[in-house]
Amino acid sequence: MKKTLLTLSIGLFLAGCSEKPTTTEQVKRQQEQVNLSTSIAPPVAKQVPHELTAHGDTRIDEYYWMRDDKREDPEVLGHLEKENSYAEAVLKPLEKQQQSLYDELVARIPKDDASVPVKENGYWYQSLYEGDGEYPVYVRRPTLDGTNEVLLNGNEMAQGHDYFSIGSYQASPDNTMLAFTVDTVSRRMYTLQVKNLATGELLSDELTNTNGQVYWAKDNKTLYYIERDPQTLLGSKVFRHVLGTPQSDDELIYEEADTTFYTSLGMSKDEDVIFISHDNTEQTGTTLIATDDPKAKPVPFLPIEDGLEYSVAKHGSDYYILTNYNAKNFRIMKVDQAHTADKGKWQEVIAHDPEVFIQDIELLKDFLVYKAKKNGMLSLNAVSLKTGESYVIPTEDPIYTAYFSGNTQVDTNTIRIYYASLTTPPSTFDINLETMETTLLKQNKVGDEFVAANYQSERVLIPARDGKQVPVSLVYRKDKFTKNGTNPLFQYGYGSYGATIDPTFVSHWISLMDRGFVVAIAHIRGGQMLGREWYEDGKMGNKKNTFTDFIDVTKGLIEQKYADPTRIFAEGGSAGGLLMGAIANMEPELYTAIAAHVPFVDVVTTMSDATIPLTTGEYTEWGNPVNKDEYDYMLSYSPYDQVKAQKYPHLFVTTGLHDSQVQYFEPMKWVARLREKKTDDNLLLFITNMEAGHGGASGRFKRYEQTAKEYAFFFHLAGIEK
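Criteria and thresholds
- Residues numbered from 1 in each chain as written.
- Predicted model: local features only at pLDDT ≥ 70, side-chain atom pairs only at ≥ 80, totals over all residues.
- Heavy atoms only, no water.
- Helix = DSSP H or I, 4+ residues; strand = E, 2+ residues; numbered from the N terminus.
- Buried < 20%, exposed > 50% of the residue type's maximum accessible area, 1.4 Å probe, protein only.
- pLDDT = per-residue confidence, 0-100.
- Contact = heavy atoms within 4.5 Å.
- Pairing = 2+ DSSP bridges.
- Axes fitted to C-alpha atoms, helices over the stretch in contact; angles between N-to-C directions.
- Left-handed = near helix turned anticlockwise from the far one by under 90°.
- Parallel < 35°, antiparallel > 145°, perpendicular 65-115°, else oblique.
- Nonpolar A, V, L, I, M, F, W, Y, C, P; charged D, E, K, R; others polar.

**Topic: the environment of D306**
- By secondary structure assignment, the location of D306 is in the loop between β19 (299-300) and β20 (310-315).
- Residue class for D306 comes out exposed when judged on its relative accessible area of 74%.
- With 23 residues separating them in the primary sequence, D306 and Q283 have C-alpha atoms 6.1 Å apart.

Here is the structure:
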């Protein structure tokens, strides 16, 4: 459920394209060429009625037995294996298409690749991919043309593990040791270890159940980390560890008592301060720890206040503050480090503009740079800290995504940004803000035949049923698109936590566009594409706006002749999976097929159980079922509770057995109830990755196996067999 940054693969490969069908009759004929029916009947789950009563309302949950963390229960595992076998049998006629698609997808990924080097504390750090290696190799060198020192080799470390992920790493201030975290289960419970960089040996220190973050104090022997509760997975305790001592002796320096908050760590660019960040959807806070004192006590930047949100960045003896203090769409202020807790001493740097939503800030030696959106259109703005002069950094694409990346140095006026659009591959630029000289450091390679000019992106506005204008980002291949209502549509959405899905380059979407699909990102309410109000109008008691916006976008794209009404496909994951479950209930015959990945679909039951990972931290997003009005509203849209006897589209549902965000039993229960209730013969496929969690497979190539299955299924239903 909890928002996460969506990491989208980059690449492009144009082989194997086919002409799209142009009539419903052609689609039907091509669908009949490969029959996906199977002699194996869909699995039928047993029913054990279980009463759930709240506020005088009793729900009967026949599949409640699947939950309560039964990952090792033979009956649960057996049913999941049956579902996997059924999906494999149904998709078997498409094996060749799946393999061809997989080869197409991974061909866009350079086998040998390297990140842009980033300088930290006298060394240049970089991640490398080599050959068929699934995992990165992290290296550093004292000069750009120096010899690489291998810090961590993910491919060697992953041996013997079905899942593997390096959470983070940081060298000690004297550069002699490396602290790093590893997850081999996919529950986002990381083990923290320390490596002697001179000898390559691991120290005896092994800290378990961490959230994956680690930071050093300046004494080179003190570490800060967050411990997660093994049941709820909430990280509420910040510990201080001294090398060579047992974890049981670690000092608890901060504990978040309010379970509606998420806790995380960060560090100032000058490495003088560690930040403890406190975050829920309606208020935030920061606590400071000085790194020059291994016994330092945490000091609140400002006591947490109802409705107040802020984040901070240190610049010399000042702090710059991005805040909603008397500013719904945020403003930027600053304060001397001695007076952070006194808002009366905060000075305004960038005033609030109700039409401009400020998203993020970056500080350089003499410049403040900030990201802002007006009418959903992104701009990068630089302000001289010497003269106050402000200007917009020019960009090539009208709709794009950009963020600050690798800006580790204090004494520089060169900003580094990551930049991409729906037709521009991810690129890393350095921009000298004094001269505006721009240097392209890297643009991701996306295959030998990629020509950006072959593709077209658009931004359109679709009216929602209440009159609001919903922004939509579109992209398609020019020679495959005719605006006459004959192109299949692939529509993606999320719409929760204020997460904004900016228009960016997604390599696997090229496989859709090369076969005639129009790809659409619906920037629905619940995100912040149009500012803070856009988010607030799609959460809590306004949540249904998220679903109706998505549906109205689909209908609008059909009406405007971007889409063939008989070939409409939708995809969403996690909270976007909730969106998929809701639209399947509300407008089942509008969609040909829906892919719901790790979907959050059992809203009321999950939000009623505070022992489930992350539940309490979500009360300000969905509601707390203890309150009757919030219970009633969640129940009115919860996909699991609203499944009914009606026709449903084809469904492609996935989960991970070890998912730490949305527990495996949510989609498991949902699929079981759908099989029981639905009145159609459309296919319902449910695939569980028995080794992975919320993010799917961990390898850079392996993760595309699922995408290839989904796309082969969608192409078949669209009448496209190549």
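The structure having been displayed, the exposition proceeds.
**Thoughts on the environment of L234**
- Relative to the elements of secondary structure, L234 occurs in the loop between β13 (222-228) and β14 (235-242).
- Classification of L234 by relative accessible area gives buried; the value is 10%.
- Linking L234 and G516, residues 282 residues apart in sequence, is a C-alpha distance of 44 Å.

**Describing the confidence of the model for the chain**
- Averaged over every residue, the pLDDT of the chain is 92; the share at 70 or more is 94%.
- In the predicted structure, residues 1-23 sits below a pLDDT of 50 and forms 96 contacts with residues beyond four places in sequence or in another chain.
- Segment residues 26-33 is flagged for pLDDT under 50; beyond a separation of four residues in sequence, or across chains, it makes 16 contacts in the model.

**Examining unusual backbone geometry**
- Positive phi is not limited to glycine here, since N220 has a value of about 70°.
- By the element assignment, N220 lies in the loop between β12 (215-216) and β13.
- We note that Y497 has phi near 65°; this positive angle belongs to a residue other than glycine.
- Along the chain, the position of Y497 falls in the loop between β34 (489-492) and α5 (509-513).
- Residue classification places Y497 among the buried residues on the basis of a relative accessible area of 5%.

**Topic: the sheet that holds strand β29 (residues 414-420)**
- On the basis of which strands lie adjacent, the open sheet formed by four strands has the order β28-β29-β30-β31 and antiparallel pairing. Bordering the open sheet on either side are β28 (401-404) and β31 (438-443), each of which pairs with just one other strand. Within the sheet, the average angular offset between the axes of one strand and its neighbour, ignoring direction, is 25°.
- Examined bridge by bridge, strand β30 (residues 427-432) and β31 share five bridges and lie antiparallel to one another. By the bridge assignment, F429 is partnered in β31 with L440.

**Focus on the sheet that holds strand β39 (residues 684-689)**
- Spatial ordering of the open sheet is given by β32-β33-β35-β34-β36-β37-β38-β39, a layout of eight strands whose pairing is mixed. Edge positions in the open sheet fall to β32 (455-463) and β39, since each of these has one partner strand only. Strand-to-strand, the axes of this sheet are offset by a mean angle of 15°, without reference to chain direction.
- By the bridge criterion, five bridges tie strand β37 (residues 593-597) to strand β38 (residues 650-656) in an arrangement that is parallel. From the neighbouring strand, H597 faces β38, where its bridge partner is T654.
- In the packing of helix α12 (residues 665-677) onto the sheet, the strands contacted are β37, β38 and β39, and the crossing angle to β39 comes to about 160°.
- Helix α13 (residues 704-717) rests against β34, β36 (568-573), β37, β38 and β39 of the sheet, and its axis sits at about 175° to β38.

**Quick word on the packing of helix α2 (residues 74-91) against α12**
- One way to put it is that α2 packs onto α12 with a least axis distance of 12 Å and a crossing angle of 65°. Two packed elements cross with a definite hand, and for α2 against α12 that hand is left-handed. Residues V76, H79, L80, E83 and Y86 of α2 form the contact with α12, whose participating residues are M668, V671 and R675.

**Remarks on the packing of helix α3 (residues 95-106) against α13**
- Contact pair α3 / α13: the axes reach a minimum separation of 8 Å and the direction vectors enclose 125°. Overall, the two elements α3 and α13 adopt an arrangement that is oblique. Of the two possible hands of crossing, α3 and α13 adopt the one that is right-handed. Mapping the contact onto sequence places Q97, Q98, L101, Y102, L105 and V106 in α3 and Y704, E705, T707, A708, K709, Y711, A712 and F715 in α13.
- Looking at the contact of α3 with α13 residue by residue, the classes come out as nine nonpolar, three polar and two charged.

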